[in-house]
Amino acid sequence: LAQATTQFHAADLRRARDSAKLVLGLDPSNADAYHMLGAIAARERAYGEAESLLKRAVALNRRSPYFRHSLGNVHRERGDFNAAANAYRDALRLD
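Throughout, residues of each chain are indexed from 1 in the direction in which the sequence is written. Residue-level local features of this predicted model are given only where pLDDT is at least 70; pairs of side-chain atoms are given and counted only at 80 or more, and the full residue set underlies all totals for whole chains, interfaces and linings. The side-chain values count all of the structure's non-hydrogen atoms but skip hydrogen atoms and water molecules.

Chemist: Any details on the packing of aromatic side chains? Residues and values, ideally.
Modeler: The description of an aromatic ring pair rests on the distance of the ring centres and on the angle between the ring planes. Stacked, tilted and edge-to-face are the three classes applied to pairs of Phe, Tyr and Trp rings, where Trp contributes its six-membered ring and a pair requires centres within 6.5 Å; stacked means planes under 30 degrees apart, edge-to-face means over 60, and tilted covers the rest. The full count for this structure, using the stated rule, is zero aromatic pairs. Two limits define a charge over a ring: the Lys NZ or Arg CZ must be within 6 Å of the ring centre, and within 35 degrees of the ring normal. The ring of Phe 8 carries the charged tip of Arg 43 above its face, separated from the ring centre by 4.2 Å. Between Arg 56 and the ring centre of Tyr 34, over which it is positioned, the NZ or CZ distance is 5.4 Å.

Encoded structure:
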């Protein structure tokens, strides 16, 4: 997953996606890999897909404020400000 993160920050989204999917192939419950895929989808402005992936990450790791913050960002980009505010509040409660 570290490789996927490096690729994501280098804007090599195709390779980052492939790397994250490889992680999920080895560990289907890896919340960080779902988060990475959600971040990639959000970067590509595929907000519906990003929301689904980030919700999966949150379901797998309910203690991560970072995942909830990312989900809030997607809600904000979609114009759902109430959902965004709720996600941000949840993130702050966990931080």
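Resuming the write-up.
Chemist: Summarise the packing of helix H2 (residues 13-26) against helix H3 (residues 31-43); cite the residues concerned and give the values.
Modeler: Two packed helices can be described by the angle between their axes and the distance between those axes. Note on geometry: axes are C-alpha line fits, over the in-contact stretch for helices, and angles between N-to-C directions span 0 to 180 degrees. A run of H or I in DSSP counts as a helix once it spans at least four residues, and a run of E counts as a strand once it spans at least two, with each numbered from the N terminus. Packing of H2 against H3 brings their axes to within 9 Å, and their N-to-C directions diverge by 155 degrees. Between H2 and H3, the crossing angle belongs to the class labelled roughly antiparallel. The handedness of the crossing between H2 and H3 comes out as left-handed. Listed contacts from H3 to Leu 13, Ala 16, Arg 17, Ala 20, Lys 21, Val 23 and Leu 24 of H2 are Ala 33, Tyr 34, Met 36, Leu 37, Ile 40 and Arg 43. Charged residues are taken to be Asp, Glu, Lys and Arg, nonpolar residues to be Ala, Val, Leu, Ile, Met, Phe, Trp, Tyr, Cys and Pro, and polar residues to be all remaining types, Gly included. Within the contact of H2 with H3, the residues separate by chemical class into ten nonpolar, no polar and three charged. Angles below 35 degrees are treated as roughly parallel, those above 145 as roughly antiparallel, those between 65 and 115 as roughly perpendicular, and all remaining angles as oblique. Take the far helix as the reference: if the near one is turned anticlockwise from it by less than a right angle, the crossing is left-handed, and if turned clockwise, right-handed. The contact criterion used is simple: two residues touch if any of their non-hydrogen atoms lie within 4.5 Å.

Chemist: Can you tell me about the nonpolar core, naming the residues and giving the values?
Modeler: Core analysis: the biggest nonpolar cluster contains 23 residues, and Phe 8, Met 36, Leu 37 and Ile 40 have the highest contact counts within it. Secondary structure elements with two or more residues in this core: helix H1 (2-9), H2, H3, helix H4 (47-60) and helix H5 (65-77). Counting residues per element, this core draws most heavily on H3, at seven residues. Look past the residues within four positions of Ile 40 in its chain and what remains in contact with it is Phe 8, Leu 13, Ala 16 and Arg 17. What we call a nonpolar core is a set of buried Ala, Val, Leu, Ile, Met, Phe, Trp, Tyr and Cys residues that are connected through their side-chain atoms within 4.5 Å. When accessible area is computed with a 1.4 Å probe and restricted to protein chains, residues below 20% of their type maximum are described as buried, those above 50% as exposed, and intermediate ones as partly exposed.

Chemist: So what's going on with the side chain of Glu 51? Which residues, and what values?
Modeler: By the element assignment, Glu 51 lies in helix H4. Here Arg 78 takes part through its side chain, which lies 2.2 Å from a polar atom of the side chain of Glu 51. Once residues within four sequence positions are removed from consideration, Glu 51 is found in contact with Leu 71, Val 74, His 75 and Arg 78. The definition of a polar contact used here is a pair of N or O atoms within 3.5 Å, where within protein one atom must be able to donate a hydrogen and the other to accept one, and adjacent residues in sequence count solely through side-chain atom pairs.

Chemist: Please set out the layout of surface pockets residue by residue, giving values where relevant.
Modeler: Unoccupied space between atoms shows up once a probe the size of one water molecule is rolled over them. By volume, the largest pocket is sized at about 370 Å³. Lining the largest pocket are 18 residues, with Phe 8, His 35, Ala 39, Tyr 66 and Ser 70 positioned closest to its centre. Counting residues per element, the ones that place at least two in the lining of the largest pocket are H1, H3, H4 and H5. In terms of residue count, the dominant contributor to the lining of the largest pocket is H3 (seven residues). Across the lining of the largest pocket, the residue classes break down as nine nonpolar, six polar and three charged. Using a grid of 1 Å spacing that covers the protein atoms alone, one calls a set of points a cavity when a 1.4 Å probe fits there but cannot get out, and a pocket when the set is open and has protein on both sides within 12 Å along at least five of seven lines; lining residues are those with an atom within 4 Å of a point. Grid points are joined across faces, edges and corners, and a volume is the space filled by probe spheres set on the points.

Chemist: Explain the side chain of Ser 70 to me, using residue names and the numbers behind them.
Modeler: The residue Ser 70 is located in helix H5 in this model. In contact with Ser 70, other than residues within four places in its own chain, are His 35 and Leu 54.

Chemist: An account of unusual backbone geometry is requested, with residue identities and associated values reported.
Modeler: Its identity is not glycine, yet Ala 11 carries a phi of approximately 65 degrees, on the positive side. Assessed through its relative accessible area of 54%, Ala 11 is described here as exposed. You will see that Arg 45, though not glycine, has its phi angle at about 65 degrees, which is positive. Here Arg 45 falls in the exposed class, since its relative accessible area comes to 64%.

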